[in-house]
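Spelled out from the first residue to the last, the chains are:
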Amino acid sequence: MSNNTASWGSRVGLILAMAGNAVGLGNFLRFPVQAVENGGGAFIIPYLICFLVMGIPLLFIEWSIGRYGGKFGNHSTPYILDTMAKGRVWKYIGVFGIFTNVAVICYYVYIESWTMSYVLHSVIGTFTGMSQAETAEFFNSYVSLTESTLGIPFEAVVFYIICLILNTYILSSGLKGIEKVAKIGMPMLIIFGAILAVKAFTLGDANASPEFPNANAWDGLNFLWTPQYESLLDSKVWLAAAGQVFFTLSVGMGTIHCYAAYVRSKDDIALNSVSAGFMNEFVEVVLGGAIVIPIAAGYLGLDWVINNAGFGMAFQTMPYLFQQWGQVLGAVGGVLWFGLLFFAGITSSLAMGTPWVGFMKDEFNWSQKKSAISFGVLVAIFGLPTVFFFTQGVFDEYDYWAGTISLVIFALLETIVFAWIFGINKGWNELMEGADIKITPIYKYIILIVTPLLLIWVFASNIPDIYDKITHKNIANKAYFSNEFYAEAFPNDNSENPVVAVVDSVSTD
Ligand code: PHE
Ligand code: NA
């Protein structure tokens, strides 16, 4: 336990930092892909229901546990969970949470570093005059580390390291630094996103190219926002919706606890948690749904979007489409888009770094700076393999185990601790202490019964996939860096990509 009494500088700072934690690459890269792959309007209803009965309750649980642990001077999940329940096992569960953060950040920072380098490439006009295929090929060679347009060898590695150093540096300045980045980054992100969304809405079908005469941006929006009720019976859609709610709200990793541990003991958490959660949803469904899909549908048509929805769209297609706005506006579009992604990414990766830093401080009494440096070194060791072996699917492995499965397990355990061991009445009082809003007590029963049952169901439904993964029968997963992405990114390279090779061999059954 450290005798650190730091706390957030202001309420605005706290909300923006927590919203920055939640609002991330998931809102702009993962959400649109999940929505398209699960039928557009068919996805939205399960998604919103999961948000209300699983997302919001988990936010309540995590903020309450975090602030409670902070009262005892604990700022890392192992120590925080230790204050909730007797028995060493909870401490180990907290350690498990920390490693989930480290594993996710390893690949997350990699994407963050792409956005950084793509801002630069947009400014210097790398994409000017490139065809669609050339733009896509640029990304492929970038991540295969084969080509370097800037004349920097291993450009992707260099940007990864710059990005990691930047994260480490900000973390070493503690809460103040994080708060400052959130106060700058979040408003910028919203402004950039709003400009792009307005541009998307005004595209209409005026820009349809002769190749795609029926392309219309509104088709993309209608596809997302026309509810389809049949999907309510499709468990695959529910699972995808639950997974997206998890990832986007940053729950199930112990990250929120560590931020909440710095909330003063008498300060509100009820209204703050709801505000940060809703801010994330606004950025996700409104902004996240209003950029990639309508812009791509506006130029290439909805059919193209449905057939090509994938993570690659953001990096392989968007820079090409921006070029249709002319050289200068195209560069502006690229800076807005990749700049927005960069702000979304960094405010989230800082959050994921906090549990490790807090643990070093709690466990070894290390200084902020020393703890932050140990974080940078750790991520370099475990993260660089995702960079070097990206094309071999290491990235996907991290995302599946850490970004998809671990979250559910951790969330189930913390719900049990909060509702059943600490006790729902005590837990509810903790949430209500200093609360600036009244929350319907229905949530008490949701937390006690609905949320854990839903989590058990989500976990149980993943067991067949986990089994297949372990026995290597089927690599396809619900992660956002899906294998279709590899097929799309490396169409001629299947022999050298074991992931694609395996997927091809099982895709017939
Ligand atoms: N919520 C973030 C996103 O949407 C990802 C994240 C997960 C951040 C867990 C912190 C902790 O991209
Ligand atoms: Na998010």
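Just above sits the structure.
K.L.:
Help me out: how do you make sense of the overall build of the protein chain in this one?
P.N.:
Counting its secondary structure elements, the protein chain contains 22 helices and zero strands. Computed over C-alpha atoms, the radius of gyration of the protein chain comes to 22 Å, within 12% of the 23 Å expected from 2.2 N^0.38 for 509 residues, which places it in the range of a compact globule. Once the C-alpha set of the protein chain is aligned to its principal axes, its extents read approximately 65 × 50 × 45 Å. In the protein chain, buried positions account for 62% of the 509 residues. Accessible surface, the protein chain: about 18800 Å² in total, of which carbon and sulfur atoms supply 66%. The average position of the 23 basic charges and that of the 36 acidic charges among the side chains of the protein chain differ by 19 Å.

K.L.:
Help me understand the site of ligand 1 in this model?
P.N.:
Around ligand 1 there are 14 residues in total, and Ala22, Gly26, Tyr108, Phe247 and Ser250 lie nearest to it. Contact between ligand 1 and Phe247: a nitrogen atom at 2.8 Å from a main-chain N or O atom of the residue. In isolation ligand 1 offers 330 Å² of accessible surface; the protein chains occlude 100% of this area. When residues of the shell around ligand 1 are traced back to their parent elements, those giving at least two are helix H1 (11–22), helix H2 (25–37), helix H10 (235–249) and helix H16 (327–364). A total of three residues in the shell around ligand 1 trace back to one element, the largest contributor, which is H2. Class assignment for the residues of the shell around ligand 1 results in six nonpolar, eight polar and no charged.

K.L.:
Can you help me understand the state of the cysteines in this one?
P.N.:
The bond known as a disulfide is covalent and runs between the sulfur atoms of two cysteines. Taken as a whole and assessed by the stated rule, the structure comprises zero disulfides. Not engaged in a disulfide, the cysteine Cys106 finds its nearest cysteine sulfur in Cys163; these two sulfurs lie 13 Å apart.

K.L.:
Can you walk me through unusual backbone geometry in this structure?
P.N.:
At Phe154, a position not held by glycine, the phi torsion is positive, near 50°. Mapping Phe154 onto the fold places it in the loop between helix H6 (132–143) and helix H7 (155–172). Although it is not a glycine, Ser250 sits at a positive phi angle of roughly 65°. When you line up the elements, Ser250 lands in the loop between H10 and helix H11 (255–260). Assessed through its relative accessible area of 10%, Ser250 is described here as buried.

K.L.:
Teacher, can you tell me more about helix H17 (residues 368–388) here?
P.N.:
Count 3.6 residues to each turn of an α-helix, and residues three or four apart come out pointing the same way. If you check H17, its first and last C-alpha atoms are 30 Å apart, about what 21 residues at 1.5 Å a residue would give, namely 30 Å. The largest bend in H17 comes to about 35°, at Phe382, with the proline Pro385 one to four residues further on. Residues of H17 that are buried: Ser371, Ala372, Ser374, Phe375, Gly376, Leu378, Val379, Gly383, Thr386 and Val387. The elements touched by buried residues of H17 are helix H5 (89–123), H6, H7, H16 and helix H18 (394–421).

K.L.:
Any chance you could explain the coordination of the sodium ion (ligand 2) here in plain terms?
P.N.:
As a benchmark, a tetrahedral metal site with four donors has ideal angles of 109.5 degrees, while an octahedral site with six donors has ideal angles of 90 or 180 degrees. Within the protein, the atoms that donate to the sodium ion (ligand 2) are Ala22 (O), Asn27 (OD1), Thr248 (O), Thr248 (OG1) and Asn280 (OD1), at distances of 2.2 to 2.7 Å. One can describe the donor arrangement at the sodium ion (ligand 2) as octahedral, given that its six donor atoms subtend angles of 80 to 169° at the metal. Look at Thr248 and you get buried, because its relative accessible area is 1%.

K.L.:
Teacher, can you tell me more about the pattern of salt bridges here?
P.N.:
Between side chains of opposite charge, a pair can form when the charged atoms approach closely. In this structure the tally under the stated criterion is eight salt bridges. A salt bridge links Arg11 to Asp436, with the shortest nitrogen-to-oxygen separation between them at 2.7 Å. Placement of the pair is Arg11 in helix H1 and Asp436 in the loop between helix H19 (424–432) and helix H20 (442–470), with a sequence separation of 425 residues. The class of Asp436 is partly exposed, set by a relative accessible area of 46%. Put simply, Arg67 and Glu430 hold a salt bridge, and the shortest N to O gap is 3.4 Å. With Arg67 in helix H3 (residues 41–71) and Glu430 in helix H19, the pair connects residues that are 363 residues apart, well separated along the chain. Comparing Arg67 with Glu430, the two get one shared label, buried. When salt bridges with common partners are traced through the structure, they connect Arg67, Lys71, Lys266, Glu430 and Glu433 into a single cluster.

K.L.:
I tried to follow the nonpolar core on my own but got confused; where do I start?
P.N.:
Across soluble globular proteins, nonpolar side chains show a tendency to be buried alongside one another. Of all hydrophobic cores here, the largest spans 168 residues; its most connected members are Phe28, Tyr110, Trp114, Ile295, Phe315 and Trp337. What Ile295 contacts, discounting residues up to four positions off in sequence, is Leu196, Ala200, Leu203, Met318, Leu321, Phe322 and Trp325.

K.L.:
Is there a simple way to think about the side chain of Thr126 in this case?
P.N.:
Mapped onto the elements of the fold, Thr126 is located in the loop between H5 and H6. Since its relative accessible area comes to 17%, Thr126 is described here as buried. In this structure the side chain of Thr126 is engaged in a polar contact, spanning 2.8 Å, whose partner is the side chain of His121.

K.L.:
I keep staring at the environment of Asn308 and nothing clicks. Help me out?
P.N.:
Among the structural elements, Asn308 can be located in helix H14 (residues 302–308). Residue class for Asn308 comes out partly exposed when judged on its relative accessible area of 23%.

K.L.:
Even after reading the chapter, I still don't get the packing of helix H15 (residues 312–322) against H16, so can you show me in this structure?
P.N.:
In helix packing, the relevant descriptors are the interaxial angle and the interaxial distance, both defined with respect to the helix axes. At a minimum axis distance of 8 Å, the contact between H15 and H16 shows a crossing angle of 150°. One element, H15, and the other, H16, form an angle in the roughly antiparallel class. Residue-level inspection shows Ala314, Phe315, Met318, Pro319 and Phe322 of H15 in contact with H16, the latter providing Gly330, Gly333, Gly334, Trp337, Phe338 and Leu341. Of the residues belonging to the contact of H15 with H16, the class tally is eight nonpolar, three polar and no charged.

K.L.:
Sorry, what's going on with the packing of aromatic side chains here?
P.N.:
Describing an aromatic ring pair means giving the distance of the ring centres and the angle of the ring planes. Taken as a whole and judged by the stated rule, the model has 35 aromatic pairs. Seen in terms of ring centroids, Tyr118 and Tyr142 are 6.2 Å apart; in terms of plane orientation they differ by 85°. Their pairing is edge-to-face. Here Tyr118, found in helix H5, pairs with Tyr142, found in helix H6; they are 24 residues apart in sequence, far enough to count as distant. The residues Tyr118 and Tyr142 share a single accessibility class, namely buried. Positioned over the ring face of Tyr79 is Lys91, at 4.2 Å from the centre of the ring. Over the ring of Trp325 we find Lys199; its NZ or CZ atom is 4.7 Å from the centre of that ring.

What counts, and where the lines are drawn
Residues numbered from 1 in each chain as written. Chains lettered and ligands numbered in written order. Predicted model: local features only at pLDDT ≥ 70, side-chain atom pairs only at ≥ 80, totals over all residues. Heavy atoms only, no water. Helix = DSSP H or I, 4+ residues; strand = E, 2+ residues; numbered from the N terminus. Rg over C-alpha atoms; globule rule 2.2 N^0.38 Å. Buried < 20%, exposed > 50% of the residue type's maximum accessible area, 1.4 Å probe, protein only. Areas by Shrake-Rupley, 256 points an atom, 1.4 Å probe, with all protein chains shown as cover. Lys, Arg positive; Asp, Glu negative; His and termini not counted. Charge placed at Lys NZ, Arg CZ, Asp CG, Glu CD. Near = heavy atom within 4 Å. Polar contact = N/O pair within 3.5 Å; in protein donor to acceptor, adjacent residues only side chain to side chain. Nonpolar A, V, L, I, M, F, W, Y, C, P; charged D, E, K, R; others polar. Disulfide = S-S within 2.5 Å. Expected span 1.5 Å × (residues − 1). Bend = angle between axes of the 7 residues up to and from the residue. Contact = heavy atoms within 4.5 Å. Donors = N, O, S within 2.8 Å, 3.2 Å for Na, K, Ca; no water. Tetrahedral: all angles 85-135°; square planar, octahedral: opposite > 155°, others 65-115°. Salt bridge = Lys/Arg side-chain N within 4 Å of Asp/Glu carboxyl O. Core = buried A, V, L, I, M, F, W, Y, C linked by side-chain atoms within 4.5 Å. Axes fitted to C-alpha atoms, helices over the stretch in contact; angles between N-to-C directions. Parallel < 35°, antiparallel > 145°, perpendicular 65-115°, else oblique. Phe/Tyr/Trp six-rings, centres within 6.5 Å; stacked < 30°, edge-to-face > 60°. Lys NZ or Arg CZ within 6 Å of the ring centre and 35° of its normal.

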